Amino acid sequence: IDMSLGNLHYYQGHYSQALEAYRQSEQAFRTLGSELYAAMNQINQANMLNELDDFLGSERLHEEARPVFEAAGLRTAVASVDLNLAIFQSCRGNYSKAFQEFEQARATFSSLDMDVNLALTDLEESDLHLVLNLPGRALQLAERAEASLAESHMPFEAARARANQGVALARSDEPERAAALLEEARQAFASQENKTWIAHTDLQRAEVMGQIGRRDQARRLALEAAHAYAGLGAQP
């Protein structure tokens, strides 16, 4: 139940609450002697720490959990850890290492014909290309990811992919298309009551509105995002 609650908090953008639920779950599984499920919840915690910008804590949990998955012969779980490490390296600015980890994870998922995991890899790597201001490749990856994620009925991840497409188009001097995609992504996050990603998308929309000269609307969106971040406990 704690593990499931953690998942629900995550999809609503309540990362601190998710982190606590995953910690409780890990402790319970460890008490029951289930090292494998304890390791799974370490990875869940690591994902939340990434969202909360505790990259060193995330790295430590990954390093502790990965050998457990290897010993159990769980190639998919090991590849998922590699994917998370790629995200972690990207957040820390180790971009070359991040690309290597992405390719390592992609190779395993491809060999196992795991389309959903490949789509998630494309989504996360599209983030990295946006960080490096490479919108063309980011757009390709995000489009490919959204198609697969939507087909797999993963609305949160599909909305993230759509938002990334919008950002990529904005940086490719296509602000009108970008604005439409970002609005669609925002509506998806609103339907999921995910305040964190509504704020993220409003901030991205503000950038696009400023780009096309709608400065009053851009200012309003930026202020709304800042207010939302403050309410969520983040620095606006």
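Treat the numbers as computed from the prediction; the structure is a model and nothing was measured.

(A) Spotlight on the overall build of the chain. In terms of helices and strands, the chain carries twelve helices and zero strands. Computed over C-alpha atoms, the radius of gyration of the chain comes to 18 Å, within 12% of the 18 Å expected from 2.2 N^0.38 for 236 residues, which places it in the range of a compact globule. Oriented by its inertia axes, the alpha-carbon framework of the chain measures out at about 60 × 40 × 30 Å. Relative to its full complement of 236 residues, the chain shows a buried share of 47%. Taking as baseline every contact in the chain between residues at least 6 positions apart, the subset at least 24 positions apart corresponds to 50%. In the form shown here, the chain has an accessible surface area of approximately 11,700 Å², with 51% of it arising from carbon and sulfur atoms. Treating the 21 positive side-chain charges of the chain as one cloud and the 34 negative ones as another, the clouds have centres 4 Å apart.

(B) Layout of helix α12 (residues 215-231). For α12, which comprises 17 residues, the first-to-last C-alpha distance of 24 Å matches the rise-based estimate of 24 Å (1.5 Å per residue) to within 8%. Regarding α12, the residues found buried are Ala218, Leu221, Ala225 and Tyr229. Each buried residue of α12 sits inside an arc of 75 degrees when the element is viewed along its axis, so together they form one side. For α12, the exposed residues set more than 90 degrees away from the buried face come down to Asp216, Arg219, His227 and Gly231.

(C) Expanded view of helix α9 (residues 155-170). End to end, α9 covers 23 Å across 16 residues, agreeing with the expected 22 Å (1.5 Å per residue, within 8%). Of all 16 residues in α9, 14 are buried, a share of seventy percent or more.

(D) Fine view of the nonpolar core. Counting 32 residues, the largest nonpolar core has Tyr10, Met48, Phe189, Val208 and Met209 as its most contacted members. Counting only elements with at least two residues in this core, the list comes to α2 (15-31), α3 (35-51), α8 (135-151), α9, α10 (175-191), α11 (195-211) and α12. Of all the elements, α9 adds the most residues to this core, at seven residues. Not counting chain neighbours up to four residues away, the residues in contact with Met209 comprise Ala179, Arg214, Arg215, Gln217, Ala218 and Leu221. Listed in part, the nine residues of the second largest apolar core include Leu83, Ala98, Leu118 and Leu128.

(E) Structural context of unusual backbone geometry. Despite not being glycine, His153 has its phi angle at roughly 60 degrees, a positive value. The backbone of Asp173 sits at a positive phi, close to 60 degrees, despite the residue not being glycine. Relative to the assigned elements, Asp173 resides in the loop between α9 and α10. Judged by relative accessible area, Asp173 falls into the exposed class, the value being 65%.

(F) The arrangement of the pattern of salt bridges in detail. Counting across every chain of the model gives 20 salt bridges. In this structure, Arg92 and Glu59 form a salt bridge, with 3.1 Å as the shortest nitrogen-oxygen distance. Here Arg92 is found in the loop between α5 (75-91) and α6 (95-111), whereas its partner Glu59 is found in helix α4 (residues 55-71), with 33 residues between them in sequence. Here Arg92 falls in the partly exposed class, since its relative accessible area comes to 37%. A relative accessible area of 19% means that Glu59 is categorised as buried. In this structure, the salt-bridge partner of Glu184 is Arg162, at a minimum N-O distance of 2.2 Å. With Glu184 in helix α10 and Arg162 in helix α9, this residue pair connects regions lying 22 residues apart in the sequence. Arg162 gets classed as partly exposed once you look at its relative accessible area, which sits at 26%. Overlapping salt bridges bring together Glu103, Arg106, Asp122, Glu125 and Arg144 as one network.

(G) Geometry of the side chain of Gln42. Relative to the helices and strands, Gln42 resides in helix α3. With sequence-adjacent residues up to four places away left out, Gln42 is seen in contact with Glu26, Arg30, Leu61, Glu64 and Ala65.

(H) Structural context of the packing of aromatic side chains. Evaluated as defined, the whole model comprises nine aromatic pairs. Seen from their ring centres, Tyr10 and Phe156 are 5.7 Å apart, and the 80 degrees between their planes marks the pair as edge-to-face. Of the two residues, Tyr10 is situated in helix α1 (residues 2-11) and Phe156 in helix α9; the sequence distance between them amounts to 146 residues. Linked through ring pairs, Tyr10, Tyr11, Tyr15, Phe156, Phe189 and Trp197 together constitute an aromatic cluster.

Definitions and limits used
Residues numbered from 1 in each chain as written. Predicted model: local features only at pLDDT ≥ 70, side-chain atom pairs only at ≥ 80, totals over all residues. Heavy atoms only, no water. Helix = DSSP H or I, 4+ residues; strand = E, 2+ residues; numbered from the N terminus. Rg over C-alpha atoms; globule rule 2.2 N^0.38 Å. Buried < 20%, exposed > 50% of the residue type's maximum accessible area, 1.4 Å probe, protein only. Contact = heavy atoms within 4.5 Å. Areas by Shrake-Rupley, 256 points an atom, 1.4 Å probe, with all protein chains shown as cover. Lys, Arg positive; Asp, Glu negative; His and termini not counted. Charge placed at Lys NZ, Arg CZ, Asp CG, Glu CD. Expected span 1.5 Å × (residues − 1). Arc of directions from axis to C-beta. Core = buried A, V, L, I, M, F, W, Y, C linked by side-chain atoms within 4.5 Å. Salt bridge = Lys/Arg side-chain N within 4 Å of Asp/Glu carboxyl O. Phe/Tyr/Trp six-rings, centres within 6.5 Å; stacked < 30°, edge-to-face > 60°.

That's the geometry; what it means functionally is another story.
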